[in-house]
Structures are given as C-alpha cells and as structure tokens.
Amino acid sequence: MNFLYFPKKSLGQNFLTDKNIIKKIIKIGNITKNKTILEIGPGYGNLTNYIIEKNPKKIFAIEKDKKLFLFLKNKFKNVNNFNVINEDILNFIGKRFFSSGVTVLGNLPYNISTQILASLILLPKWPPWYETLILMFQKEVADRILAKTNSKEFGRLAVLCNWRLEIKKHFNISSNSFFPIPKVNSTILSFKPKRSFINLKNPYNLEMVTRILFSSRRKIIKKNLLKLFKNNISAVNELKIDLKKRPEELSCETFYKIAVKYENLFG
Ligand code: SAH
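Chemist: Tell me about the pattern of salt bridges, and please be specific about residues and values.
Modeler: This structure, assessed with the given rule, holds nine salt bridges. Salt-bridge contacts for K261 lead to E238; the nearest nitrogen and oxygen are separated by 2.4 Å. Highlighted residues: K261 in helix α11 (residues 252-266) and E238 in helix α10 (residues 233-238), separated in sequence by 23 residues.

Shown next, in the form of structure tokens:
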C-alpha cells in the first residue's frame, strides 16, 4: 500500500490489509444489487473495493479525514453508485438521511467505536433506517458487548446493546492483519434491530440508570438504587429486586424494568 501520509492515531487509522479477512467480512454482508450500503471510515478503500465489486444500488462512505476523502473521491470517480462524504460519522448518524433497509459496514476507528454504536442504538425512530450492522471492534470491547450477567465484562455496554439489538459474533482478527499493527486484536460482530423490546419514552433514561448502578461495581446496589429513586423506598420495593445483589448480577431485563419505573416516576 502507498500512504498519503503517516497514519493518524487520533483518527484510529489502522488499515485492514489482509484480503482474505476482507472477503470474509463482505460475505457476512450478503450484499446484493438492491442494497444500500453505508461504510463508516473507508480509509483508502480496502473494504470499499470489494463492496463496489458486489454492485449494490448505492454506497455511501463517510470519511472524516479530508485527504482520504479526496483520495477516495478520485479513486472511485468512475463508479456511479459510490458517494464519499467528508463528515464525522457521529454528526452524520443523527441526520435523517435514509428511509430504511441500509446495511452498515465498518472497520471502526476504535477510539470512538462505542460512541458510534451507542448513537446507532439511541436513534429516536425505531425500527431504524438500518437493517444490519457489520462492525469491527477491538476484541476487549466486543467481549463487553457480548458479556452475560455474572461475568466481569458485563456492564453498561451489554445492557444497552441487548436492549434493541440482536448481537452475533463472527470471528476474531489478529492485529497482524492491519497496518500499522495495532496493540490489540479485533472482533467482527453483526447486529440486527429487534422488533420487540421494552419500550422507553426516552432511551437516555436507560443510560442514566446503568451509569448510576454501575458507578460502584463491587458494592451492592441498594444505595445506588435508592439514590436513583430519590429515596422513594416504596418505589424501590415495588421493583422486587434483591438489593444485596451487585450490578453485574442483574439481568439485562432487570435494568430495563428499572428504567421503565424510573421514567414513570421522574419523566
Ligand atoms: N476501513 C478502512 C480504514 C479503517 S481505519 C480499512 O479497513 O482499511 C478507520 C477509518 O475511520 C480511518 O480512515 C479514519 O480516518 C476514519 N475515521 C476516524 N474517525 C472518524 C469519524 N469520526 N467519522 C468518520 N470517519 C472516521
């Protein structure tokens, strides 16, 4: 590969160079001619090349780095169904740009990967405009997304992701498949929006509940739960939760139940 300049750490630039891995990722996407694809952080277009090969209806690639944006614009100037947009993906996600049925693909910039995923989960309109997410995370983050109750990786991220998404693990990728070689290994996950889930008036209430309850992981939940409910002991009792449990011992459903109760009382 020829680089325009030395890869920027601040933009999480680790480019995937292993063609077999790229092909395996593309295969998960099951990209057909009628699909619209959104690629997050295309970089030099290593994955984009293979997406274009499948000839979907439209491809939107969101690249924050101006130089890479210009590079891609030129590289794929003869590809009619390809659009590259020079924007921060976090700004882009909030905009109502698509109607439905989009496949999102991305070897994410790791410094903002959980932020990107959270903003895709917290969209006000549900089902959202995407039908599948195929995303690469650093392995430790993927382990937290996949974590089950009673494990040390279980926390806010798993509670939030399981709320509205079906999660599937595909495979791990060694750090040697990238340039520059990152310090961590990676994992490919895919997600599909759930059709049925516990409805919340404001999804940010779930964020608030998990933030307060996981603020002291090693302590029993009693004190934090009372704090959350502004010392309304009867409301806490109505939840019928064993207050001696630690936050990691609660099921995801219990957190959703707490969030519903919280917003019924406090809006
Ligand atoms: N998909 C490419 C590049 C992955 S590296 C490959 O696998 O080779 C991550 C890419 O995301 C880089 O190109 C980086 O410039 C871009 N990026 C970083 N932060 C971004 C943001 N906030 N919005 C959009 N793109 C971003």
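Now that the structure has been shown, the text picks up again.
Chemist: Go over the packing of aromatic side chains with me, naming the residues and quoting the values.
Modeler: Inspection of the entire model under this criterion finds 17 aromatic pairs. Between W129 and Y130 the ring centres are 5.5 Å apart and the planes differ by 80°, which places this aromatic pair in the edge-to-face class. Look at W129 and you get buried, because its relative accessible area is 6%. Given the relative accessible area of 2%, Y130 is considered buried.

Chemist: Break down the sheet that holds strand β6 (residues 130-138) for me, with residues and values.
Modeler: Taken in spatial order, the seven strands line up as β4-β3-β2-β5-β6-β9-β7 in an open sheet, and their pairing is mixed. Unpaired on one side and paired on the other, β4 (82-85) and β7 (165-173) mark the two borders of the sheet. Across the sheet, the mean angle separating the axes of adjacent strands is 15° when strand polarity is ignored. Across four bridges, the pairing between strand β3 (residues 58-62) and β4 is parallel. Residue pairing across strands places A61 opposite V84, the latter belonging to β4.

Chemist: Tell me about the site of the ligand, and please be specific about residues and values.
Modeler: Neighbouring the ligand are 23 residues; Q13, G41, E63, I89 and N107 lie closest to it. The contact in question runs from an oxygen atom of the ligand to an N or O atom on the side chain of N46, over 3.3 Å. Contact with the protein chains hides 99% of the accessible area of the ligand, taken as 570 Å² for the molecule alone. Within the residue set of the shell around the ligand, elements represented by two or more residues are β1 (15-16) and α2 (46-53).

Rules of the game
Residues numbered from 1 in each chain as written. Predicted model: local features only at pLDDT ≥ 70, side-chain atom pairs only at ≥ 80, totals over all residues. Heavy atoms only, no water. Salt bridge = Lys/Arg side-chain N within 4 Å of Asp/Glu carboxyl O. Helix = DSSP H or I, 4+ residues; strand = E, 2+ residues; numbered from the N terminus. Phe/Tyr/Trp six-rings, centres within 6.5 Å; stacked < 30°, edge-to-face > 60°. Buried < 20%, exposed > 50% of the residue type's maximum accessible area, 1.4 Å probe, protein only. Pairing = 2+ DSSP bridges. Axes fitted to C-alpha atoms, helices over the stretch in contact; angles between N-to-C directions. Near = heavy atom within 4 Å. Polar contact = N/O pair within 3.5 Å; in protein donor to acceptor, adjacent residues only side chain to side chain. Areas by Shrake-Rupley, 256 points an atom, 1.4 Å probe, with all protein chains shown as cover.

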